[in-house]
Amino acid sequence: SQQGEEDPQALSIQEGENATMNCSYKTSINNLQWYRQNSGRGLVHLILIRSNEREKHSGRLRVTLDTSKKSSSLLITASRAADTASYFCATDVMDSSYKLIFGSGTRLLVRP
Amino acid sequence: SAVISQKPSRDICQRGTSLTIQCQVDSQVTMMFWYRQQPGQSLTLIATANQGSEATYESGFVIDKFPISRPNLTFSTLTVSNMSPEDSSIYLCSVKEGEKLFFGSGTQLSVL
């Protein structure tokens, strides 16, 4: 079952602007991860934030996590046309077995 | 990080037939996962395939429709049986390394 809802569903920005995507989830998690998908193909892992962390940075990416609100955000700074892709949050739910549940995704278009 | 080869990359099939998708990993991995991504949608977990045990299917997916083999630690297959147009999707295999998932490039299936 789908765990996370993301907004916006689609985002169009100019190159150089920042892009912010939000993810909400329903159950307790071990960690939350963000993935990127180009052209409906394989996903690539971007960043992982643990449930006891509030913020994490990796290059132009900044992720925040608010476990009280069960929400996360992904910020891409100084966007480039090559950042055009779909972005998914994924939650590692607290369960007896490992399971990564993906959110609904945000389609990002960065205009040159 | 694991390198995953998935084939075929795409196929067009007639309804009522079956298609077997192969996933080859360049290293030994314990946990492999099969996901489905319907057009314009997020990823839905079909099943978890661990070597030496029966695959564990998620709600809404059954072994008769999606039989999975996992003969060793580097290989798995997913069969989509008795296909209908509703099975048209991208099918993705993935492996767990640490806390992250690594994905194959996906199989785009169209059923006529």
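The coordinates are above.
Being a predicted model, the structure only gives us computed values, none of them experimental.

**Quick notes on the sheet that holds strand β8 (residues 75-80) of chain B**
In a beta sheet, neighbouring strands pair by backbone hydrogen bonds and run either parallel or antiparallel. All names here are of chain B. A sheet is described by the order of its strands in space; here four strands give the open sequence β1-β3-β8-β7, paired in antiparallel fashion. With one partner strand each, in any of the chains shown, β1 (4-7) and β7 (68-72) form the two edges of the open sheet. Within this sheet the neighbouring strands show an average axis-to-axis angle of 15 degrees, counted without direction. Note that strand β3 (residues 19-25) and β8 share six bridges and pair antiparallel. Bridged to Gln24 within β8 is Phe75.

**Concerning the environment of A:Ala19**
Residues and elements named next belong to chain A. Following the sequence through the fold, Ala19 ends up in strand β3 (residues 19-24). The class of Ala19 is buried, set by a relative accessible area of 0%. Here the alpha-carbon distance between Ala19 and Thr77, two residues 58 residues apart in the chain, equals 6.5 Å. Discounting residues that sit within four places of it in the chain, Ala19 has contacts with Leu11, Ile13, Leu74, Leu75, Ile76 and Leu108.

**Focus: the interface of chain B and chain A**
Taken together, the contact pairs 22 residues of chain B with 19 residues of chain A. Carbon and sulfur atoms supply 51% of the area that chain B and chain A bury against each other, a total of about 1700 Å² over both sides. Counting the contacts that link chain B with chain A gives two salt bridges. Ionic pairing is found between B:Glu99 and A:Arg50, a salt bridge with its closest N-O pair at 2.6 Å. For the side of chain B that touches chain A, the secondary-structure elements that each account for two or more residues are β4 (31-37), β5 (43-50), β9 (89-97) and β10 (100-103) of chain B. Broken down by element, the side of chain B that touches chain A gets its largest block of residues, four residues, from β4(B).

**Description of the sheet that holds strand β1 (residues 5-7) of chain A**
Residue and element names in this part refer to chain A. Here five strands make up an open sheet; going across it, the order is β1-β3-β8-β7-β6 and the pairing antiparallel. Bordering the open sheet on either side are β1 and β6 (55-58), each of which pairs with just one other strand. The average angle at which neighbouring strand axes cross in this sheet is 15 degrees, direction not considered. Summarising the sheet, strand β7 (residues 61-66) and strand β8 (residues 71-76) pair through six bridges and their orientation is antiparallel. When the sheet's bridge partners are listed, Leu61 is paired in β8 with Ile76.

Analysis parameters
- Residues numbered from 1 in each chain as written.
- Chains lettered and ligands numbered in written order.
- Predicted model: local features only at pLDDT ≥ 70, side-chain atom pairs only at ≥ 80, totals over all residues.
- Heavy atoms only, no water.
- Pairing = 2+ DSSP bridges.
- Helix = DSSP H or I, 4+ residues; strand = E, 2+ residues; numbered from the N terminus.
- Axes fitted to C-alpha atoms, helices over the stretch in contact; angles between N-to-C directions.
- Buried < 20%, exposed > 50% of the residue type's maximum accessible area, 1.4 Å probe, protein only.
- Contact = heavy atoms within 4.5 Å.
- Buried area = accessible area lost by both parts, 1.4 Å probe.
- Salt bridge = Lys/Arg side-chain N within 4 Å of Asp/Glu carboxyl O.

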